[in-house]
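Examining the three-dimensional arrangement
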Amino acid sequence: MNKRLIYSGKAKDVFETDNDNELILFYKDQATALNGIRKEHITGKGNLNCKISSLIFHYLMRNGIETHLINDLSDNEQLVKRTKLIPIEVVLRNTIAGSFARKFALDEGKKLDPPVIEYYFKSDELNDPAINESQIESIGIANESELQEIKKQTLAINKLLVELFNQDKLDLVDFKLEFGHFETGIILIDEFSPDNCRLWDQTSHQSFDKDVFRKNEADLVTTYKKVLDRLEGVR
Ligand code: UDP
């Protein structure tokens, strides 16, 4: 299959194929923090994120959520539907952590009921600034009904994933999603892995996500492998 690199991100490369309707995602052995300022090669990371994300996207698809995933091409490559990216990052928070704790000077660990949904405008140059619904609509990033759809899907995905991780004795603290326009409507794109969510062990409260890298708490590959093992254990 011919492929041409069209975008190189922090964790993935994106390739065009001879089929205009499809893209290939290549998961890199690279971890970044501080918006790319800290960058490290980590052998095996791409493989793990690709497998975890595939497993989660297949679970979501079995449960009625449409995603861009077509199939896995190798241990670190996925074939996906080409969509028109909506340039916002949607963050859902079930529990106080990270930037939310810092912003409001709150202790980490308190449950948020109902969950909080936040939006960030995707721009490395601007450092992904927070953006609100009114700004999203007025700038023309998405209209009201598209935003309602994004919110509806985000909440449905949250419910399904809280249940999934709960079976593995992990709390889904928060996560980030991205969406794109496809011929069938707005669908989930990008990836779902410990790179873009927080998972806390329900007993030890240890992190099983990228915080182990951000805070130099534990080995990233060992940690992500444990997440994959737990997820595979419940299949
Ligand atoms: N997140 C992400 N990409 C980003 C920013 C955040 O995937 O560019 C995820 C992050 O891993 C966490 C959630 O979104 O699961 C909320 O992140 P937060 O705003 O707390 O930022 P952080 O403290 O991680 O910088």
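Residues numbered from 1 in each chain as written. Predicted model: local features only at pLDDT ≥ 70, side-chain atom pairs only at ≥ 80, totals over all residues. Heavy atoms only, no water.

1. Notes on the overall build of the protein chain
Scanning the protein chain for helices and strands turns up 6 helices and 14 strands. Computed over C-alpha atoms, the radius of gyration of the protein chain comes to 17 Å, within 12% of the 18 Å expected from 2.2 N^0.38 for 235 residues, which places it in the range of a compact globule. Dimensions of the protein chain, computed from C-alpha atoms along their principal axes, come out at roughly 50 × 40 × 35 Å. Taken over 235 residues, the protein chain has a buried fraction of 49%. Long-range contacts, defined here as pairs at least 24 residues apart, represent 57% of the contacts in the protein chain between residues at least 6 apart. Surface exposure of the protein chain reaches about 11700 Å², of which carbon and sulfur atoms provide 50%. (Helix = DSSP H or I, 4+ residues; strand = E, 2+ residues; numbered from the N terminus. Rg over C-alpha atoms; globule rule 2.2 N^0.38 Å. Buried < 20%, exposed > 50% of the residue type's maximum accessible area, 1.4 Å probe, protein only. Contact = heavy atoms within 4.5 Å. Areas by Shrake-Rupley, 256 points an atom, 1.4 Å probe, with all protein chains shown as cover.)

2. A word on the pairing of strand β6 (residues 69-74)
In this structure, β6 lies alongside strand β7 (residues 77-81), joined through 4 bridges in antiparallel fashion. The residue of β7 that forms the bridge with N71 is L79. Connecting β6 to the next strand, β7, in antiparallel fashion are 2 residues. (Pairing = 2+ DSSP bridges.)

3. As for the nonpolar core
Core analysis: the largest hydrophobic core is formed by 51 residues, its most contacted members being I56, L60, I88, L161, F165, F179 and F192. With 8 residues, the top contributor of residues to this core is helix α1 (residues 45-62). Beyond its immediate stretch of four places on either side in the chain, I88 contacts Y119, Y120, F121, K122, I131, I136, I141, I150, L177 and E178. (Core = buried A, V, L, I, M, F, W, Y, C linked by side-chain atoms within 4.5 Å.)

4. Some words on α1
Spanning 18 residues, α1 covers 26 Å between terminal C-alpha atoms, matching the ideal 26 Å at 1.5 Å per step. Summarising burial for α1: 13 of the 18 residues are buried, a large majority. Note on α1: the residue one or two positions beyond its end, G64, has a positive phi of about 90°. (Expected span 1.5 Å × (residues − 1).)

5. Some words on the sheet that holds strand β2 (residues 12-16)
Spatially, 5 strands are ordered β1-β2-β3-β7-β6 in an open sheet, and the strand pairing comes out antiparallel. Only two strands of the sheet have a single neighbouring strand rather than two, namely β1 (4-8) and β6. When strand polarity is set aside, the average angle formed by the axes of neighbouring strands in this sheet is 30°. Relative to β7, strand β3 (residues 22-27) runs antiparallel, the two being bridged by 5 bridges. (Axes fitted to C-alpha atoms, helices over the stretch in contact; angles between N-to-C directions.)

6. A few points about the site of the ligand
Lining the immediate environment of the ligand, one finds 16 residues, of which R93, S99, D174, N196 and R198 sit closest. In this structure, an oxygen atom belonging to the ligand sits 2.7 Å away from a side-chain N or O atom of R93. Its free accessible area being 510 Å², the ligand has 77% of it covered by the protein chains. Within the residue set of the shell around the ligand, elements represented by two or more residues are β9 (88-95), α2 (98-103), β12 (170-182) and β14 (197-201). Of the residues in the shell around the ligand, the class split is 4 nonpolar, 3 polar and 9 charged. (Near = heavy atom within 4 Å. Polar contact = N/O pair within 3.5 Å; in protein donor to acceptor, adjacent residues only side chain to side chain. Nonpolar A, V, L, I, M, F, W, Y, C, P; charged D, E, K, R; others polar.)

7. Overview of unusual backbone geometry
Residues apart from glycine generally show negative phi values, whereas peptide bonds are mostly found in trans. Here the residue pair D113 and P114 is connected by a cis peptide bond, since its omega of 0° sits within 30 degrees of zero. In this structure, P114 sits in strand β10 (residues 111-121). One non-glycine residue with positive phi stands out, namely N127, at about 65°. With phi around 65°, D190 is a residue other than glycine that occupies positive phi space. Looking at the element boundaries, D190 is found in the loop between β13 (185-189) and β14.

8. Regarding the packing of aromatic side chains
Applying the stated criterion across every chain, the model contains 3 aromatic pairs. Arranged with centres 5.5 Å apart and planes meeting at 55°, the rings of F175 and F192 form a pair that is tilted. With F175 in strand β12 and F192 in the loop between β13 and β14, this pair connects stretches of sequence that are 17 residues apart. In terms of burial, F175 and F192 fall into one category: buried. (Phe/Tyr/Trp six-rings, centres within 6.5 Å; stacked < 30°, edge-to-face > 60°.)

Everything listed here is a matter of geometry and, on its own, says nothing about what the molecule does.
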